[in-house]
Amino acid sequence: MADKRLSHAYMLVGPEGRSRDEAARRLAAALLCPSEEPPCGQCRDCRKALEGIHPDVTVIRREQGDNQLRREIRVGQIRQMTADAAIAPNEAARKVYIIDQAERMNPQAQNALLKALEDPPGHACFILCTAAADGLLETVRSRCVLAGEPALRQSRLPGMTELARAYLEAAASGDMAEVTLCCMSRAKLTAEQTEAFAGEVKDAVSGILCGREANPGLTPERLLRLAALMDETEDYLRHNVQPRQIFGVLAAETLR
Ligand SMILES: [Zn+2]
């Protein structure tokens, strides 16, 4: 069950800048770190990934043209990346490709990426960094974990931001009793509120990963698993599963 949630494609949504770059490096470290609680920050893979010098982490960004950066990330760059992704890693168990300003990929580049996302080489992971997720093809977006940006969400309901925050804090506590209590106290939410709650949790995860919000003490990997749980919550709601049952599942799955 846990492995199923380890995706090979992630989207980091947030404003350009150092905190987003650092969030991408932390996520890369989490994907490469062999420890029980990645990223440990201590091992060779973590240290190199955090410093931006890991041979299995490649950053794709706009290339230098004549005197200035090109406007777009071009298809040739993505083809080169996918060719490289087919080659075994140098040091770690995986290879990570960070695509900075992913929304700058032109349509051909996005389609080339889509092929890689549909049929990824077993050891390759992709991190798409973007300030404008709606600049990405829906087919690309839908293959990435974490898409919780407020601009695209439909419902914001009073009180849900606080409930989402309290849920993340309970998850960070690692205390099963606290998580159960937290989830059970939400069992009376309506379906609409539950959907808003799931969206708020994903927003908070996105904000924490990008350094906009304080982290209650969760690793990037755990944050992404919680975001994936919220994706499942939304799927359950679409299939008319009752909030009471959904929060029962969340109580059982949050700390796994
Ligand atoms: Zn490590």
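Residues numbered from 1 in each chain as written. Predicted model: local features only at pLDDT ≥ 70, side-chain atom pairs only at ≥ 80, totals over all residues. Heavy atoms only, no water.

(A) Seen up close, the overall build of the protein. Each helix and strand in the protein was counted, giving 10 helices and 4 strands. Scaling as 2.2 N^0.38, a compact globule of 256 residues should have a C-alpha radius of gyration of about 18 Å, and the protein matches this with 18 Å. Based on the C-alpha atoms only, the size of the protein along its principal axes is roughly 60 × 40 × 30 Å. Taking the intrachain contacts of the protein between residues at least 6 apart in sequence as the baseline, contacts between residues at least 24 apart amount to 74%. Accessible surface for the protein amounts to roughly 12300 Å². Of this, 48% is attributable to carbon and sulfur atoms. (Helix = DSSP H or I, 4+ residues; strand = E, 2+ residues; numbered from the N terminus. Rg over C-alpha atoms; globule rule 2.2 N^0.38 Å. Contact = heavy atoms within 4.5 Å. Areas by Shrake-Rupley, 256 points an atom, 1.4 Å probe, with all protein chains shown as cover.)

(B) Examining the domain arrangement of the protein more closely. One can read the domain layout of the protein as domain 1 (3-145) and domain 2 (160-253). Taking only C-alpha atoms into account, the centre of domain 1 sits 26 Å from that of domain 2. Taken together, the contact between domain 1 and domain 2 spans 18 residues of the former and 15 residues of the latter. The contact between domain 1 and domain 2 buries some 1400 Å² in all, and 59% of this surface belongs to carbon and sulfur atoms. Our count for the domain 1 to domain 2 interface comes out at 0 salt bridges. Of all the secondary structure elements, the ones that give two or more residues to the side of domain 1 that touches domain 2 are β1 (9-13) and α1 (18-32). (Domains from an automatic or database assignment. Buried area = accessible area lost by both parts, 1.4 Å probe. Salt bridge = Lys/Arg side-chain N within 4 Å of Asp/Glu carboxyl O.)

(C) Highlighting the packing of helix α6 (residues 160-173) against helix α7 (residues 176-184). The geometry of α6 relative to α7 is characterised by a closest axis approach of 8 Å and an angle of 160° between their N-to-C directions. Comparing the axis directions of α6 and α7 gives the class roughly antiparallel. The two elements α6 and α7 meet at a crossing, and its hand is left-handed. Contacts between α6 and α7 pair A166, Y167, A170, A171 and S173 from the former with E178, V179, C182 and C183 from the latter. The residue makeup of the contact of α6 with α7, split by class, is 7 nonpolar, 1 polar and 1 charged. (Axes fitted to C-alpha atoms, helices over the stretch in contact; angles between N-to-C directions. Parallel < 35°, antiparallel > 145°, perpendicular 65-115°, else oblique. Left-handed = near helix turned anticlockwise from the far one by under 90°. Nonpolar A, V, L, I, M, F, W, Y, C, P; charged D, E, K, R; others polar.)

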